[in-house]
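So you can see what is in the structure, the chains are spelled out below.
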2 protein chains.
Amino acid sequence: MADNSEDRADALFHALADRTRRDIMRRVLAGAQSVSALAVKYDMSFAAVQKHVAVLEKAGLLTKQRSGREQLASGDVEAVRSVAFMLTELEQVWRGRIARIDELIASDLDQED
Amino acid sequence: MADNSEDRADALFHALADRTRRDIMRRVLAGAQSVSALAVKYDMSFAAVQKHVAVLEKAGLLTKQRSGREQLASGDVEAVRSVAFMLTELEQVWRGRIARIDELIASDLDQED
DNA sequence: ACAACGCACAACTGATCGGTTGTATATTAG
DNA sequence: CTAATATACAACCGATCAGTTGTGCGTTGT
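For every chain, the first residue of its written sequence is number 1, and the numbers climb from 1 along that sequence. Key to labels: chains lettered from A, ligands numbered from 1, both in the order written. Predicted model: local features are reported for residues with pLDDT of at least 70 only, side-chain atom pairs are reported and counted for 80 or more only, and whole-chain, interface and lining totals are derived from all residues.

To line up the copies, we fit them by least squares on C-alpha atoms, keeping just the residues with pLDDT of at least 70 in both. Structural alignment of chain B on chain A gives an RMSD of 0.1 Å, achieved by rotating through 180° and translating 0.0 Å along the axis. Accordingly, the operation relating the two chain copies is best matched by a two-fold axis. A pair of residues counts as a contact when their C-beta atoms, built from backbone coordinates, are within 7 Å of each other. Of the interface residues in chain B, 100% have counterparts in chain A that sit at the interface too, so the contact is made through matching surfaces.

In structure tokens:
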């Protein structure tokens, strides 16, 4: 149960790698929605939508709050930002390559003098 | 074969939902790597690594360039940014909710006057 | 009280995934 | 020319995925 950051990244990207789940995220980021309110929007069974919500919840992309017999799902914008941050880190790796290439060019110019 | 943006989003998030593939992305963003140079870094067969590279290539996250008998893989930072942009769009949906809540508060205050 | 609603969960199914081994093909080194 | 290298790809396998149906259980409306 070593819940390292790679496990979390796996869960986050996997959760977002499905168009139904991305659509659910749009809805619950726009405002809390009950599971059944979400379910009527998709051409699949209630249970299927409920499982999608569960995947998003386990990944930490949404939280549920009970309200009577309904379960209200709210998108967690911080989780979305954490995914964006992972991509920023990837981009930083690329910037490192560019910086190294620039250094190479600079040292070549030195030699040409 | 309607290659819409949702198909592309599926492919991009799916490609990134595996730690080996994310690690490959770090390496090929830092600099072009042959498939076999990548393969020696992981405790799995060459064919397995090659399939991971193929998944990343199909998603557009890296490109391959032949150099003799080697195939040099380079990370495409623009594809990484396009994923980041999708997350920004999600965050904008959330900002819309906040804006609407703010309006509600504002109109409540109007009524309280 | 009780019928309808909202949700959770289990069991099942076909499809996809991540890995393997084996084979084929092109390129390079000696 | 031949052997070794680098890659591609097919076939296979167990695990996971995305969907289904069915069952159960707490909550609400009448």
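Near, as applied to residues and a molecule or strand, means the residue's backbone-placed C-beta atom lies within 6 Å of it. In the region of DNA strand C, 21 residues are neighbours, and A:Ser36, B:Ser45, B:Ala47, B:Ala48 and B:Gly68 sit closest. Numbering of helices and strands starts at the N terminus; helices are DSSP runs of H or I of at least 4 residues and strands are runs of E of at least 2. Contributing elements (two or more residues each) for the surface near DNA strand C: α3 (35-39), α4 (46-58) and β3 (70-75) of chain A together with α4 (46-58) of chain B. No other element matches the five residues that α4(B) contributes to the surface near DNA strand C. Residue classes follow a fixed rule: Ala, Val, Leu, Ile, Met, Phe, Trp, Tyr, Cys and Pro count as nonpolar, while Asp, Glu, Lys and Arg count as charged, and any other residue, Gly among them, counts as polar. A breakdown of the residues in the surface near DNA strand C according to their chemical character gives six nonpolar, nine polar and six charged.

As a further point, take the protein's contact with DNA strand D. Neighbouring residues of DNA strand D: 22 residues in total, closest A:Ser45, A:Ala47, A:Ala48, A:Gly68 and B:Ser36. Of all the secondary-structure elements, those providing two or more residues to the surface near DNA strand D are α4 of chain A together with α3 (35-39), α4 and β3 (70-75) of chain B. Here the surface near DNA strand D gets five residues from one element, more than from any other, and that element is α4(A). In terms of residue class, the surface near DNA strand D is made up of seven nonpolar, nine polar and six charged.

Neighbouring strands of a sheet are bound in pairs by backbone hydrogen bonds; such pairs are parallel or else antiparallel. Residue and element names in this part refer to chain A. With antiparallel pairing, the three strands of this open sheet are ordered in space as β1-β3-β2. In this open sheet, the two edge strands, each paired with only one partner strand, are β1 (33-34) and β2 (62-67). Running at roughly 95° to β3, helix α2 (residues 19-30) makes contact with β1, β2 and β3 of the sheet. A pair of strands counts as paired when DSSP detects no fewer than two bridges linking them. Throughout, an axis means a line fitted to C-alpha atoms (over the contacting stretch in the case of helices), and angles, computed between N-to-C directions, take values from 0 to 180 degrees.

Turning our attention to the sheet that holds strand β2 (residues 62-67) of chain B. Residues and elements named next belong to chain B. If you trace the three strands from one edge of the open sheet to the other, you get β1-β3-β2, paired in antiparallel fashion. Here the strands that pair on one side only, and so sit at the sheet edges, are β1 (33-34) and β2. Pairing of β2 with β3 involves six bridges; the strand directions are antiparallel. Paired with Arg66 across the strands is Gln71, a residue of β3. Packing of helix α2 (residues 19-30) onto the sheet brings it into contact with β1, β2 and β3, and relative to β3 it is tilted by some 95°.

All names here are of chain B. What a helix should span is 1.5 Å times the count of its residues minus one. Here α4 is 13 residues long and its end C-alpha atoms lie 18 Å apart, about the 18 Å a rise of 1.5 Å per residue gives. Any residue whose C-beta has 12 or fewer other C-beta atoms within 10 Å is treated as exposed, any with 20 or more as buried, and any in between as partly exposed, C-beta atoms being built from the backbone. When we look at burial in α4, the residues that qualify are Val49, His52, Val53 and Leu56. Take α4 and look down its axis: the buried residues cluster within an arc of 100°, on one side only. The outward face of α4, more than 90 degrees from its buried face, is lined by the exposed residues Ala47 and Lys58. Just downstream of α4 lies Gly60, where phi reads positive at about 85°. Note: the arc covers the axis-to-C-beta directions of the helix.

Purely geometric stuff here, so don't read any function into it on its own.
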